[in-house]
Structures are given as C-alpha cells and as structure tokens.
Amino acid sequence: MKNTELRVAASVAFIFFCRMMGLFMVLPILSLYGNTIEGASLSLIGLALGIYGLSQAFLQIPFALCSDVFGRKRVMLFGLSLFLAGSLLAMVSDNIWMLILSRFLQGSGAIAGTSMALLADHSGESSRTWVMAIVGIAIGASFVLALIVGPIVAANGGLQAVFAVSSCLAFVAILVCLFGVSDNVARQSSKINDGFRSHVSNIFRNTKVYPYALGVFVLHLSMTSSFVVIPMILEEQYAIDRSLHGRVYLLVFFIALILMGPFARPSTDISRLASIYKVSAAMMSISLLLLAFMSGNYYFFIALLCIFFCSFNLMEALLPAMLSIEVDAEGRAGSMGVFSTFQFMGAFFGAWLSGICSQFFTMNLSFVLGAVSVLAMLFLFVLMQSRSSGDT
C-alpha cells in the first residue's frame with residue numbers, strides 16, 4: 001500500500017469513526033433513558049433510535065451523485081456540518097418529537113457512499129481490499145467504543161452528555177476532513193444536465209450491487225432491532241446495572257474479535273470472501289434464534305452475543321470489500337450510494353419495528369425479526385450468486 005493510499009484511508013477511517021461513534025452511542029442507552037423524555041413510548045423510542053437511517057437512506061445517492069460533480073470533499077464537509085447541527089439540537093431536546101427531528105437531522109449528513117467512493121478513487125485495485133478493511137475496522141471500533149462509552153457517559157450526564165460528545169466528535173471530523181482529505185477527482189459539471197438521468201439509470205440497472213445492498217440492509221436491520229431490546233434484557237432479566245453495560249459489551253467484543261481472527265485476512269478472491277460471508281450469515285441467524293428462545297442463562301446469553309457480533313463484524317467488513325471488487329470504476333460513487341442507502345434503511349426499519357414489537361408484543365420477537373431476515377437474505381444471496389455464475 002502506498003503512503004498516499006494509507007494517508008487517505010486513515011483520514012477517511014477516522015471521519016467514519018467519529019461520525020459512526022456519534023450515531024452509535026445512543027444504541028445501548030436510548031431504550032433505558034428514553035422513558036424519561038416527555039411523550040416517549042417504546043415504539044417512538046425505536047423510531048428515534050433508527051430514524052437517522054431514514055434520512056441517510058434518502059440522501060445517500062443524491063450526495064454521492066453530487067460528489068461526482070462538485071467533489072467528494074465539499075459534499076463530505078456539508079454532510080458533517082448537518083451531523084453537527086443535529087447533534088447540537090439533540091443535546092437541547094426536551095421531548096420525544098424534538099429528539100426524533102434531531103436524529104433525522106443527524107442522519108441527513110449522508111456521506112457514507114461519498115466517503116467510500118473517495119477511498120476507491122485514491123486506491124489501486126491491489127490495495128483496495130486493504131483500504132476498505134481499514135475503514136471496516138474503524139467502523140467496528142466505533143461501534144465497540146460507542147457501546148462501552150455510551151453507558152458510561154449517560155450514567156454521569158444523561159442523554160444530553162451523550163449528544164454533547166457526539167457534537168465534539170462531529171467538530172473533530174470536520175477538521176480532519178478540512179485538513180486531511182485531498183480531492184483531485186475530475187469534475188463533470190458540464191454533463192450534469194445531459195448525463196444525470198442516464199447516470200442514475202445506469203446505477204439502478206447495475207444488478208451486481210443488489211446482493212450486497214440487500215445483505216447490508218439485513219445486517220443493520222438485525223443490529224438495530226437487537227439493540228432496542230438487549231439493554232433492557234441486561235437490566236431487567238439479568239439485573240446488570242445500566243452503568244456497567246459497557247463492561248459487558250467490552251467482554252463480548254473482545255471475545256468476538258478473537259473468534260473472527262482466523263477469517264479476517266483481506267483477500268481479492270471474491271469466491272473466498274463470499275464463502276466466509278455465507279458462513280457468517282448462518283452463524284448470525286442461529287445466534288439470533290437462540291437469543292429469542294434459549295437465552296435464559298446469563299453466560300449462554302453472553303456466548304450468543306459473542307457469536308452475533310463476530311458475525312456482524314465479519315459481514316460489515318466483507319460486504320463493501322466484495323462490492324468494490326465487483327463494480328467498475330465508472331459510477332462507483334453511485335453504486336456505493338445505493339449500498340449505503342440500503343444499509344441505513346435497514347437501520348431505520350430494524351429499530352422502528354423492534355420498538356413496535358417490544359411495546360405491543362414481546363421483546364424476543366425483535367430477535368426473531370432479525371433471524372428471519374438474515375435467513376431470507378442468505379437464501380436470496382445464494383440464489384442471485386448462482387444466477388450470476390450461470391450468466392457468465
């Protein structure tokens with residue numbers, strides 16, 4: 001890997017880290033602290049938890065396409081500014097609807113697809129898997145630290161302190177983007193009117209994107225649906241004080257990291273990556289089903305969480321790596337935009353549906369929702385992969 005590739009990868013990975021940690025810190029605490037907010041219910045808490053994914057989903061492709069015209073860096077700075085504004089608004093929210101609005105605004109900084117395209121622009125084919133792996137590690141680290149730091153910050157300062165930390169992370173990310181990211185991609189502003197419709201049409205006709213887009217939709221659906229209920233289970237069923245939840249997540253992710261070690265070697269062999277992905281999906285569906293029906297023992301519950309997060313981290317890293325191998329350089333930002341759209345739409349539906357399930361039915365139904373979705377995704381992935389092989 002060249003020094004320039006490493007520098008760009010490190011800068012973008014750090015931006016991802018700050019942004020995703022700011023979004024994820026709410027995951028392990030909102031279902032616990034949200035009931036103190038005026039007008040809150042479990043279904044509305046689930047909506048507040050996941051609605052950032054809705055705004056992300058709607059804006060990923062427009063942001064990615066704009067970055068093809070105006071440049072990746074400008075679009076990333078604009079998106080990070082929206083994230084900062086949403087974090088500041090969330091910090092002063094005094095009712096559930098204001099919190100929902102602020103989370104929607106946080107998600108409006110939809111730069112994931114643009115950032116991934118910037119990485120692809122500045123990396124060669126031989127090093128792209130490594131570059132994507134660095135970002136995958138940053139996202140995974142942000143997720144882990146968010147689950148550890150979120151409960152600690154909330155225990156000492158409540159939800160306002162959590163969003164204050166998010167605001168600081170957003171400001172730091174803006175500085176890194178401003179001074180640490182270069183943008184030397186040729187602009188195509190002269191073609192914005194003539195080529196826009198055909199460009200969008202080509203993006204949605206690229207069937208290679210959809211197996212991976214569907215995979216990331218289900219992956220984040222299962223993650224957010226689980227985290228509506230996992231904090232409540234730890235507190236209500238196993239009597240773990242909410243200030244100590246971070247220690248539980250630290251243990252879980254440490255074990256998950258050890259479990260995923262043998263499978264985490266970067267590769268450009270798409271068949272090998274797909275095989276690991278399918279095994280990971282099977283592991284995730286089994287762990288979710290067992291969490292729903294056979295998690296009465298605390299240590300067994302922790303073991304199942306380890307398997308779940310091992311699978312999640314592997315799939316989170318594998319999906320963008322496989323997509324970057326499959327798609328051509330032309331229109332890459334748009335393809336990454338489709339991928340990110342599905343990712344955040346999954347986060348929205350997972351949290352919202354889990355909140356509804358928990359309020360009107362049972363918390364275990366959230367795990368069933370994730371398990372069934374993963375199994376359906378695995379079946380369709382194998383089917384679409386076989387069809388693609390038959391076409392070639």
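Quantities reported herein were computed from a predicted structural model and do not represent experimental measurements. (Residues numbered from 1 in each chain as written. Predicted model: local features only at pLDDT ≥ 70, side-chain atom pairs only at ≥ 80, totals over all residues. Heavy atoms only, no water.)

Caption draft 1: Geometry of the overall build of the chain. Secondary structure assignment for the chain yields 14 helices and zero strands. Listing each helix as α and each strand as β along the chain from the N terminus yields α-α-α-α-α-α-α-α-α-α-α-α-α-α. Out of the 392 residues belonging to the chain, those deemed buried represent 57%. In the chain, the share of contacts with a sequence separation of at least 24, taken over all contacts with a separation of at least 6, comes to 86%. Accessible surface, the chain: about 15,700 Å² in total, of which carbon and sulfur atoms supply 67%. (Helix = DSSP H or I, 4+ residues; strand = E, 2+ residues; numbered from the N terminus. Buried < 20%, exposed > 50% of the residue type's maximum accessible area, 1.4 Å probe, protein only. Contact = heavy atoms within 4.5 Å. Areas by Shrake-Rupley, 256 points an atom, 1.4 Å probe, with all protein chains shown as cover.)

Caption draft 2: Molecular detail of helix 4 (residues 72-91). With 20 residues, helix 4 should cover 28 Å at 1.5 Å per step; its first-to-last C-alpha distance of 29 Å lies within 8% of that length. Listing the buried residues of helix 4 in full gives R72, V75, M76, L77, G79, L80, F83, L84, G86, S87 and A90. (Expected span 1.5 Å × (residues − 1).)

Caption draft 3: Layout of the pattern of salt bridges. Applying the stated criterion across every chain yields a total of one salt bridge. E235 is paired through a salt bridge with R242; the nearest N and O atoms lie 2.8 Å apart. By relative accessible area, E235 is classed as partly exposed at 25%. (Salt bridge = Lys/Arg side-chain N within 4 Å of Asp/Glu carboxyl O.)

Caption draft 4: Here's a closer look at a nonpolar patch on the surface. Residues F14, F171, V172, L175, L178 and F179 make up a contiguous nonpolar surface patch of roughly 570 Å² in combined accessible area. Ranked by residues supplied to the nonpolar patch, first place goes to helix 7 (residues 125-180) with five residues. Among the secondary structure elements, F14 is positioned in helix 1 (residues 3-24). (Patch = residues over 30% accessible without salt bridge, like charges linked within 9 Å, V, L, I, M, F, W, Y side chains within 5 Å.)

Caption draft 5: The arrangement of the nonpolar core in detail. F143 and F309 are the most contacted members of the largest nonpolar core, which totals 130 residues. When residues in this core are grouped by element, the largest group, 19 residues, is from helix 7. Here F309 is in contact with F143, F227, V252, F253 and A256, once residues within four sequence places are set aside. (Core = buried A, V, L, I, M, F, W, Y, C linked by side-chain atoms within 4.5 Å.)

Caption draft 6: Fine view of the side chain of S43. Among the structural elements, S43 can be located in helix 3 (residues 42-70). In this structure S43 comes out as buried when scored by relative accessible area, which is 13%. Those residues within four positions of S43 in sequence are excluded, and the remaining contacts are W352, G355, I356 and Q359.

Caption draft 7: Here's a closer look at the environment of F58. Tracing the backbone through its elements, the reader meets F58 in helix 3. F58 gets classed as exposed once you look at its relative accessible area, which sits at 55%. Separated by 286 residues in the primary sequence, F58 and F344 have C-alpha atoms spaced 9.1 Å apart.

Caption draft 8: Helix 12 (residues 298-326), seen in detail. For helix 12, with 29 residues, the first-to-last C-alpha span of 42 Å sits near the 42 Å given by 1.5 Å per residue. Of all 29 residues in helix 12, 21 are buried; the element is thus mostly enclosed. Of the residues that open helix 12, the one with a side-chain oxygen 2.9 Å from the backbone nitrogen of Y299 is N297. (Polar contact = N/O pair within 3.5 Å; in protein donor to acceptor, adjacent residues only side chain to side chain.)

Caption draft 9: Here's a closer look at the confidence of the model for the chain. Here the chain averages 81 in pLDDT, and 82% of its residues register 70 or above. The least confident element of the chain is helix 8 (residues 192-205), whose mean pLDDT is 51; the most confident is helix 5 (residues 96-107), at 93. Low pLDDT (under 50) marks residues 186-198, which in the prediction has 11 contacts with non-local residues, meaning those over four places away or in another chain. (pLDDT = per-residue confidence, 0-100.)

Caption draft 10: Representation of the packing of aromatic side chains. According to the stated counting rule, one finds 14 aromatic pairs in the structure shown. Between the aromatic rings of F227 and Y249, the centroid separation amounts to 5.6 Å while the plane-to-plane angle is 50°, which identifies the pairing as tilted. In this pair, F227 sits in helix 9 (residues 210-236) while Y249 sits in helix 10 (residues 245-260), placing the two residues 22 residues apart along the sequence. Assigned by exposure class, F227 and Y249 land together as buried. Pairing F348 with W352 gives two aromatic rings, centres 5.6 Å apart and planes at 20°, and the pair type is stacked. Residue F348 and its partner W352 are both found in helix 13 (residues 332-360); the two are separated by four residues, about one turn of the helix. Members of the aromatic cluster, each reached through a chain of ring pairs, are F227, Y249, F253, F308 and F309. Over the ring of Y33 we find R242; its NZ or CZ atom is 4.8 Å from the centre of that ring. (Phe/Tyr/Trp six-rings, centres within 6.5 Å; stacked < 30°, edge-to-face > 60°. Lys NZ or Arg CZ within 6 Å of the ring centre and 35° of its normal.)

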